[in-house]
Structures are given as C-alpha cells and as structure tokens.
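Fold and contact review
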Amino acid sequence: MELKYVAYEKKERVAVITLNRPEKLNALNRDVLTDLRKALEEAEKDPEVRVVIITGTGKSFCAGADITEFTKGVADVRGFIELGREVFEFIENMSKPVIAAVNGYALGGGFELALSCDFVIAASSAAFGSTEINLGIVPGWGATQKLVFMAGLAKAREIVMLGEVFSAEEALKHGIVHRVVQPEKLMDEAMALAVKLCQKSPTALAIAKAVLSRSARSILAPGLELERSMFYVAVSSEEAKEGISAFLEKRKPKWQS
Ligand code: COA
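Residues numbered from 1 in each chain as written. Predicted model: local features only at pLDDT ≥ 70, side-chain atom pairs only at ≥ 80, totals over all residues. Heavy atoms only, no water.

**Description of the environment of Ala-240**
Here Ala-240 lies in helix H9 (residues 238-248). Spatially, the C-alpha atom of Ala-240 lies 27 Å from that of Leu-36, the residues being 204 residues apart in sequence. (Helix = DSSP H or I, 4+ residues; strand = E, 2+ residues; numbered from the N terminus.)

Below is the structure:
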C-alpha cells in the first residue's frame, strides 16, 4: 500500500494511522483524504487488526478541510466534500472501533474527523473548534448535528456560531471527548484503551458499534442532509469568498452585509 500523506503502522492487533502533512497542520485535501481512506480500508480488511487509532504528526491532529480546496470550481468543491463525507462515514461503518488520539488542533473538519470516531482521547494541550464561521462558511461534515446530540443545543450554538477554539478540558466537560491526558501519555493511553477493546469479542464489538452508530445516524440523518445542503449555500456566497481569501491572504475578513 503506497501512502504519502498518512503513515500506517501495525502494533500487534492495533492499526495506528497518522495524518502526516505537518507543514499544513494535517489539513485535509483530496490527497490526504484518499490516503486516509486507503489506510482505513486496509485496517478494515486485515483480520489481524482489531482496533484503529487515528492521530496526527506535529502540533496538530488536523486543522480541518484544506481551505484552498474551497477556491476551486463548484463541481470540485462538491467532489471534495463528498469524498470527506464518504471517508467519515466509512469510519462510522467499520466493523472495528476507531479511537481518535487528538494530539493538538482539531478544528473544522479535523474536529469532525474526531467526532466520527468511536472514542476520543485528547492531550491536555489539544484544542477543538468548529471554526468555519470565521471563514464565512459552516460545518459540512456533521458537526452541527453531532454537537447538538453530544453537547446539547445551547453548547452547539456557542461552538458553531462563535467559532471559538476551546480546550480539551472544556470538550471533556461537554461530553465531546472521553478522556484528557498528559501530552506525553497520549499514545500510551490510546493504546491501553485499544488493548482493552482487543480483549472483547470482536463479533459483539462490531455489533455494538453498528447498533450505536446506525441508531445515532438514523436520528441525525435529516439534520445531516440539511447541513450538507446548507453547506453548499454557504460556500457559494460572496462572504465565503471573502472569508476564504482573507485566510489565504493572512488578513481579517471584511464582511459586506
Ligand atoms: N487549510 C489550509 N491550510 C492550512 C489550514 C487549513 N485548514 N490550517 C493551517 N493551514 C496552513 C497555514 O496556511 C500555514 O501555511 P503556510 O505556512 O504555507 O502559510 C500552515 O498551515 C501553518 O499554519 P499557521 O496558520 O501558520 O499556524 P498557526 O500556529 O499560526 O495557527 C491555526 C494555527 C490552526 C490557529 C491556524 O492555522 C488556523 O486557524 N487554521 C485554519 C483552521 C480552520 O479554520 N479550519 C477549518 C477549515 S474549514
């Protein structure tokens, strides 16, 4: 399996997938998503692998969708968003538990990547946020719906409409992460959880995951569909163009309306 933007390592029965584009804080472009999908498919089909851990290289878990993807034409943006949605749904539909070991920034689509995993363990130095609003867009990979479900409507409003970056402890308080650990212990703790999961019946675990993920999805489905269609409205707006240009030009956006 040839991978450029993701590292894949098997440690006994655990597959560790590491996003590896540190110069762009592991932002997800098409290439990263394609490699991530390949690595996940490999883990799913390997009978020796029982649990998957996703983490990131450097100071970031994942700084979200690569913002340059939004400067392309409508068809390309759609293709990119649908690719991400497929990868995140693949994680939810896998027969094996997936742990996000959040080592740093988990923003926008990076936060949504963590929200697609079954368990989230965060370094105390990790930082979370649905920061899309600062770019004149909105989340498109599930955060608006999953956050209402996990943290409640009031907190979801705050996270999505203010777009602020918040700490791992704050995420823990609102039921978004399972555990916060010292940064140097992150991978050991993620591995310890993986080993615990490896001791369970793989069949029962796969069924438990399917029931939990599918029942959550059936409740969230209409909202996820609404989010998806409204994302395309937002990303086509003039204000999105301004927000995205402002980020790329390293300046503050000037909203027109
Ligand atoms: N898409 C594309 N490039 C990104 C990116 C993203 N989501 N996040 C970071 N980068 C790039 C930066 O443009 C920069 O590239 P450069 O060195 O070629 O200029 C590089 O990654 C390092 O980021 P930088 O902003 O210099 O690091 P920082 O430590 O000052 O700030 C963040 C870190 C995470 C606060 C900041 O990068 C940020 O706000 N990123 C966007 C997060 C976001 O809104 N994600 C949701 C996207 S929908």
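From this point, things continue past the structure.
**Describing the sheet that holds strand E6 (residues 105-107)**
The strand order across the open sheet formed by four strands is E4-E6-E8-E9, and the pairing between neighbours is mixed. The sheet is open, and its two edges are formed by strand E4 (60-62) and strand E9 (166-167), each paired on a single side. Sheet topology note: the strand E8 (residues 127-129)/E9 ladder contains two bridges and is antiparallel. For Ala-127, the partnering residue across the bridge sits in E9 and is Ser-167. (Pairing = 2+ DSSP bridges.)

**Let's talk about a nonpolar patch on the surface**
A contiguous nonpolar surface patch, about 300 Å² in accessible area, is contributed by Phe-149, Met-150 and Ile-219. Relative to the elements of secondary structure, Ile-219 occurs in helix H8 (residues 202-235). A relative accessible area of 56% places Ile-219 in the exposed class. (Patch = residues over 30% accessible without salt bridge, like charges linked within 9 Å, V, L, I, M, F, W, Y side chains within 5 Å. Areas by Shrake-Rupley, 256 points an atom, 1.4 Å probe, with all protein chains shown as cover. Salt bridge = Lys/Arg side-chain N within 4 Å of Asp/Glu carboxyl O. Buried < 20%, exposed > 50% of the residue type's maximum accessible area, 1.4 Å probe, protein only.)

**Looking at the side chain of Arg-50**
Tracing the chain through its elements places Arg-50 in the loop between helix H1 (30-45) and strand E3 (51-56). Despite its burial, Arg-50 pairs with no opposite charge; the closest candidate is Glu-12, at 10 Å N-O. Within polar-contact distance, the side chain of Arg-50 engages the backbone oxygen of Lys-200 at 3.2 Å. In contact with Arg-50, other than residues within four places in its own chain, are Arg-13, Lys-96, Pro-97, Cys-198, Lys-200 and Pro-202. (Lys, Arg positive; Asp, Glu negative; His and termini not counted. Polar contact = N/O pair within 3.5 Å; in protein donor to acceptor, adjacent residues only side chain to side chain. Contact = heavy atoms within 4.5 Å.)

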